Amino acid sequence: MRELRFLGSARWIGFAIFVVALSAVCIQLGIWQFHKLEDRQVRNELVREHLDTAPVPLEDVVPAGSAVEPDQEWTVVEVTGSYDVDHEVTVKFVNRDGRPGVDVLTPLLLEDGTAVLVDRGFTETLRTNARPETLPEPPDGEVQVTGWLRVDSSAGRQATQVFDGQVRAVSSRGMAEHVPYDLRSGYVDLQEQSPASSGLEPEPRPDLGQGPHFFYGLQWWFFAALAIVGYGWFARAERQERRTAAARAARTSPTTDEAGREVTPAR
């Protein structure tokens, strides 16, 4: 134990406090990642239930004046109306399988005078900031749309407000000033349409994997263990260095003979 008395020095006490604090933070971050994994698993199960359920009328899920709740997202809904191409916009900076392009967002006018935004799908474009000059046309007249109900993007006003016929994220709130009628909350990712139209790719099925949270959690716990092991390694190295220094000092320290004369040990 005498060899470990250096651990009581101010330097090593400070080092120990740092290691304990670092380990505690890493452990908490690992727990946070595992909580995120649990939340994702719950969400994935809810999404699966929605995707495997038969379509329901939009009015039954989100009546006019109500907001789409997070637990309603990905509900398969059906809605009938006519497209308002005059107020159509594109969602720029969209990538699909590494291909640059835009999503085409078109309001669908309903019988009650309100409208719901419909993401009609993706079209590939040049990697540019400009709005495409031509876009696939929707059917004329009344159409029946079936798709996934989505919540409004939480991006700021600069991303969701229309500029030069484009947005960077979809939000009925951001589009409100762009159209002369009330918009229903959220929007619909089109999957099927009658009568059908071509030229746009519908949104792919959402990723229901577990994501990186499990491995991130293990990684943070590994960092916590590494900090503790590192403290022990440095302490062991310090003890060995002190042993070596003490042995060297003992070999070079003068001693006395029987007559009391100092004798320096031979090296």
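Everything discussed here concerns the structure shown above.
Residues numbered from 1 in each chain as written. Predicted model: local features only at pLDDT ≥ 70, side-chain atom pairs only at ≥ 80, totals over all residues. Heavy atoms only, no water.

Student: Give a description of the overall build of the chain that names residues and reports values.
Tutor: Secondary structure assignment for the chain yields five helices and 10 strands. Rg of the C-alpha trace for the chain: 33 Å, well past the compact-globule value of 18 Å for 267 residues, more than 25% over. The principal-axis extents of the C-alpha atoms in the chain amount to approximately 120 × 40 × 30 Å. The 267 residues of the chain split such that 38% are buried. In the chain, 68% of the contacts between residues at least 6 apart in sequence involve partners at least 24 apart. On the chain, roughly 16300 Å² of surface is accessible, and the fraction owed to carbon and sulfur atoms is 55%. Side chains of the chain carry 27 positive and 39 negative charges; the gap between the two charge centres is 22 Å. (Helix = DSSP H or I, 4+ residues; strand = E, 2+ residues; numbered from the N terminus. Rg over C-alpha atoms; globule rule 2.2 N^0.38 Å. Buried < 20%, exposed > 50% of the residue type's maximum accessible area, 1.4 Å probe, protein only. Contact = heavy atoms within 4.5 Å. Areas by Shrake-Rupley, 256 points an atom, 1.4 Å probe, with all protein chains shown as cover. Lys, Arg positive; Asp, Glu negative; His and termini not counted. Charge placed at Lys NZ, Arg CZ, Asp CG, Glu CD.)

Student: Quick rundown of the layout of surface pockets? Include the residues and the values.
Tutor: Here the largest pocket is characterised by a volume of approximately 220 Å³. Contributing to the lining of the largest pocket are 14 residues, with Val-79, Thr-80, Gly-81, Leu-110 and Glu-111 lying nearest its centre. For the lining of the largest pocket, the elements supplying multiple residues, two or more each, are helix H2 (58-61) and strand E2 (76-83). Tallied by class, residues from the lining of the largest pocket come to five nonpolar, three polar and six charged. (1 Å grid on protein atoms, 1.4 Å probe; cavity = no way out; pocket = protein on both sides within 12 Å on 5 of 7 lines; lining within 4 Å. Points joined across faces, edges and corners; volume = space filled by probe spheres on them. Nonpolar A, V, L, I, M, F, W, Y, C, P; charged D, E, K, R; others polar.)

Student: Quick rundown of the pairing of E2? Include the residues and the values.
Tutor: With two bridges joining them, strand E1 (residues 56-57) and E2 adopt parallel strand pairing. Within E2, the residue paired with Val-56 across the bridge is Val-77. (Pairing = 2+ DSSP bridges.)

Student: Give me the lowdown on the packing of aromatic side chains, citing residues and values where you can.
Tutor: What the rule picks out here adds up to 11 aromatic pairs. Considering the side-chain rings of Phe-34 and Phe-214, the 5.8 Å spacing of their centres and the 70° angle between planes classify their relative orientation as edge-to-face. Here the residue Phe-34 occupies a position in helix H1 (residues 10-51), and Phe-214 occupies one in helix H5 (residues 213-252), the gap between them amounting to 180 residues. In this structure Phe-34 comes out as buried when scored by relative accessible area, which is 16%. Since its relative accessible area comes to 36%, Phe-214 is described here as partly exposed. Each ring, one from Phe-34 and one from Trp-221, has its centre 5.0 Å from the other, and the planes form 55°; the classification is tilted. Note that Phe-34 is positioned in helix H1 and Trp-221 in helix H5, a separation of 187 residues in sequence. Overall, the relative accessible area of 38% leaves Trp-221 in the partly exposed class. Members of the aromatic cluster, joined through ring pairs, are Trp-12, Phe-15, Tyr-231, Trp-233 and Phe-234. (Phe/Tyr/Trp six-rings, centres within 6.5 Å; stacked < 30°, edge-to-face > 60°.)

Student: Could you give me a rundown of the nonpolar core, with the residues and numbers involved?
Tutor: With 16 residues, the main nonpolar core has Leu-108, Val-116 and Val-145 as its most contacted residues. Mapped onto this core, the elements with two or more residues apiece are H2, E2, strand E5 (115-124), strand E6 (142-150) and strand E8 (183-194). In this structure Leu-108 touches Val-79, Thr-80, Gly-81, Ser-82, Tyr-83, Thr-114, Ala-115, Val-116, Val-118, Val-143 and Val-145, once residues within four positions along its chain are discounted. Judged by nonpolar contacts, the second largest core, of 14 residues, contains Val-89, Val-94, Ala-115 and Val-179. (Core = buried A, V, L, I, M, F, W, Y, C linked by side-chain atoms within 4.5 Å.)

Student: I'd like to hear about the pattern of salt bridges, residue by residue, with values.
Tutor: Summed over the entire model, instances satisfying the criterion amount to 16 salt bridges. Linking Arg-48 and Glu-45 is a salt bridge whose minimum nitrogen-to-oxygen distance equals 3.8 Å. Of this pair, Arg-48 and Glu-45 both sit in helix H1, three residues apart, which is roughly one turn of the helix. Given a relative accessible area of 32%, Arg-48 falls into the partly exposed group. A salt bridge links Asp-112 to Arg-184, with the shortest nitrogen-to-oxygen separation between them at 2.8 Å. Here Arg-184 lies in strand E8 and Asp-112 lies in the loop between strand E4 (99-109) and E5, a separation of 72 residues in the sequence. Judged by relative accessible area, which is 45%, Asp-112 ranks as partly exposed. Residue Arg-184 is classed as buried on the basis of its relative accessible area, which comes to 4%. Taken together, the shared-partner salt bridges connect Arg-96, Arg-99, Asp-103, Glu-124, Glu-201 and Glu-203 into one network. (Salt bridge = Lys/Arg side-chain N within 4 Å of Asp/Glu carboxyl O.)

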